[in-house]
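Reading the structure
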Amino acid sequence: MRNPLLLSLLFTATLAQAQTYFYINGIQTQPASPTVSDAVSLQLIGDLSSTGAYVVSADAQVAGNLVTITIQAADNGGLAVLVPHTETIALGMLPAGDYQVVFSLGSMGVLDLAGQEEHFFTVSGDSPCADLDIVSVQWHAFSDTLIMVHAQNNGTSGEIFDYPNFILFDDLGDTLAKETVNFFGIGVDSWHALRVLPGVAIPSTVFDGRLELWTGFTQNLACDWDTAFDLCPPLACATFLPSMGNYGGALVLGTFNWEVWDAMGTSVGTGQFEMTPTVQYDSDTLCLPPGEYMYLVSPIDPPSGGGPMFFVTDESGYGTELSPIVWSLPVSQPVHFYAPCTEGTNGIGERDAGRYLVRYESDSWIVERTDGRTLGHMALFEAGGKLVRSWMRPDARAVLAMPPAGMYLLRVGDEVIRLASTEQR
């Protein structure tokens, strides 16, 4: 990595051996004490080498907290006297922070004689990035080629981050996933789909990385976050919304049964959708662990009009493909729910045989850890994700009174166990 100070010194030493047409004696920031609300400019104050000397071009690039100036000067011939000259370069509005000014090696015909302290300036105030909350960075619930960024903009600064796109990097600076610009700005609540680059292997565990927000069709770096990323849902289950809607030209009317099964063929949720003249979209809510599921919607009433389709979404609004609802032999839809996470701690796979033993006795579940260790923290959730009970067990055995009939998830330590209750109340 290049050292900006070393680069500046190298630039000065190199140009000292070449013809100089513009001697830069000072660098001033305008305004002198800029804030995040100011349009910032740099003034290069010095002398031209003759009455025929002039500045050919001057511009600057801001990358992070580094301002790199490229400037070229020439001389058409003239009286050899020093002519005072100030070159102004506009930087625009900058985020809060400390900045350093360096000259690129592409600069020609100039000599930087400004004091070292003049190569630094500070922009004060709260950065608009402070208004932007990154709620989550996770896999798309139904795709292993998309990563979803959930962002919320509280709008205090009035910044909407024009034409934004997010880019995710690993700790080596390699690009993992990138969003195509799709929004005019970032509103109060928005979801952004980043497509995983071809051939990139996304880490399967927690990894250090960097999330960047660019604006102006990837022209300006607006915000960045260096942190650890876990792309899998943080809880034992995640929002799973069985849904149906009308995608045809007439009304869909009637009652429709829906059901979801896990990979073992166990029903994990059932219900009904009601389509009326004023309701042409309906959904229900489950909370399920990552895994493979089957989803089916079947009509109870005779066919009506319209184009009834069934699908699954999550809270982002992004979902699976649409499947038609048919009145002949219904066909279920396979749903890959957080597929990259099914092998992790949040997925439900095969349990370590013999580690836990669950027995049904009358109106209770008996949960035992067969290796004799303590059960520790336990939490029972409804299929919809509502916490029923959470407690600590200091021994290897627990007796749980069955809750009302339904499907439940019992989390013991880092393992999730499906339980079914038939208790009628």
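Model, not experiment: these values are computed from the prediction.

Now for unusual backbone geometry. The omega torsion across Q30 and P31 is -5 degrees, close enough to zero to call that bond cis. Note that P31 resides in the loop between β1 (22-30) and β2 (40-48). If you check the backbone angles, Y163 has positive phi at about 45 degrees while not being a glycine. Along the chain, the position of Y163 falls in the loop between β10 (146-153) and β11 (165-170). In the Ramachandran plot, T218 falls in the positive-phi region, its phi being about 65 degrees despite a non-glycine side chain. One can find T218 in the loop between β14 (207-215) and β15 (220-229). Assessed through its relative accessible area of 27%, T218 is described here as partly exposed.

Attention now goes to the sheet that holds strand β29 (residues 397-401). The strands making up a sheet associate through backbone hydrogen bonding, with each pair oriented either parallel or antiparallel. Here three strands make up an open sheet; going across it, the order is β25-β26-β29 and the pairing antiparallel. Where the open sheet ends on each side, the last strands, each with one partner, are β25 (356-361) and β29. Direction aside, neighbouring strands of the sheet carry axes that sit 20 degrees apart on average. Of the pairings in the sheet, the one linking strand β26 (residues 364-369) to β29 comprises five bridges and is antiparallel in character. The residue bridging I366 from the neighbouring strand is V399, located in β29.

Let us look at the packing of aromatic side chains. Scanning the entire structure with this criterion turns up 15 aromatic pairs. Ring centres 5.8 Å apart and planes at 35 degrees place the aromatic pair F142 and F337 in the tilted group. In this pair, F142 is assigned in the loop between β9 (132-139) and β10 and F337 in strand β24 (residues 333-337), connecting sequence segments 195 residues apart. Classification of F142 by relative accessible area gives buried; the value is 13%. Residue classification places F337 among the buried residues on the basis of a relative accessible area of 0%. Lying over the aromatic face of W391, R389 brings its terminal NZ or CZ to 4.1 Å of the ring centre.

Basis of the calculations
- Note on numbering: residues in each chain are counted from 1, in written sequence order.
- Confidence filtering applies because this is a predicted model: local features only for residues at pLDDT of at least 70, side-chain atom pairs given and counted only at 80 or more, and all residues used for totals across whole chains, interfaces and linings.
- Hydrogens and water molecules were not included; the side-chain quantities draw on all heavy atoms of the structure.
- The numbering of helices and of strands both runs from the N terminus, where a helix is a DSSP run of H or I of at least 4 residues and a strand a run of E of at least 2.
- Relative accessibility thresholds used throughout: buried, under 20% of the residue-type maximum; exposed, over 50%; partly exposed, between the two (1.4 Å probe, protein chains only).
- Whether two strands pair comes down to DSSP finding at least two bridges between them.
- Each axis is a line fitted through C-alpha atoms, and for a helix only the stretch in contact is used; angles between axes span 0 to 180 degrees, taken between their N-to-C directions.
- Any pair of Phe, Tyr and Trp rings, taking the six-membered ring for Trp, is counted once the centres come within 6.5 Å. Such a pair is stacked with planes under 30 degrees apart, edge-to-face with planes over 60 apart, and tilted for the rest.
- Sitting over a ring, as applied to charges here, requires NZ of Lys or CZ of Arg to be within 6 Å of the ring centre and within 35 degrees of the ring normal.

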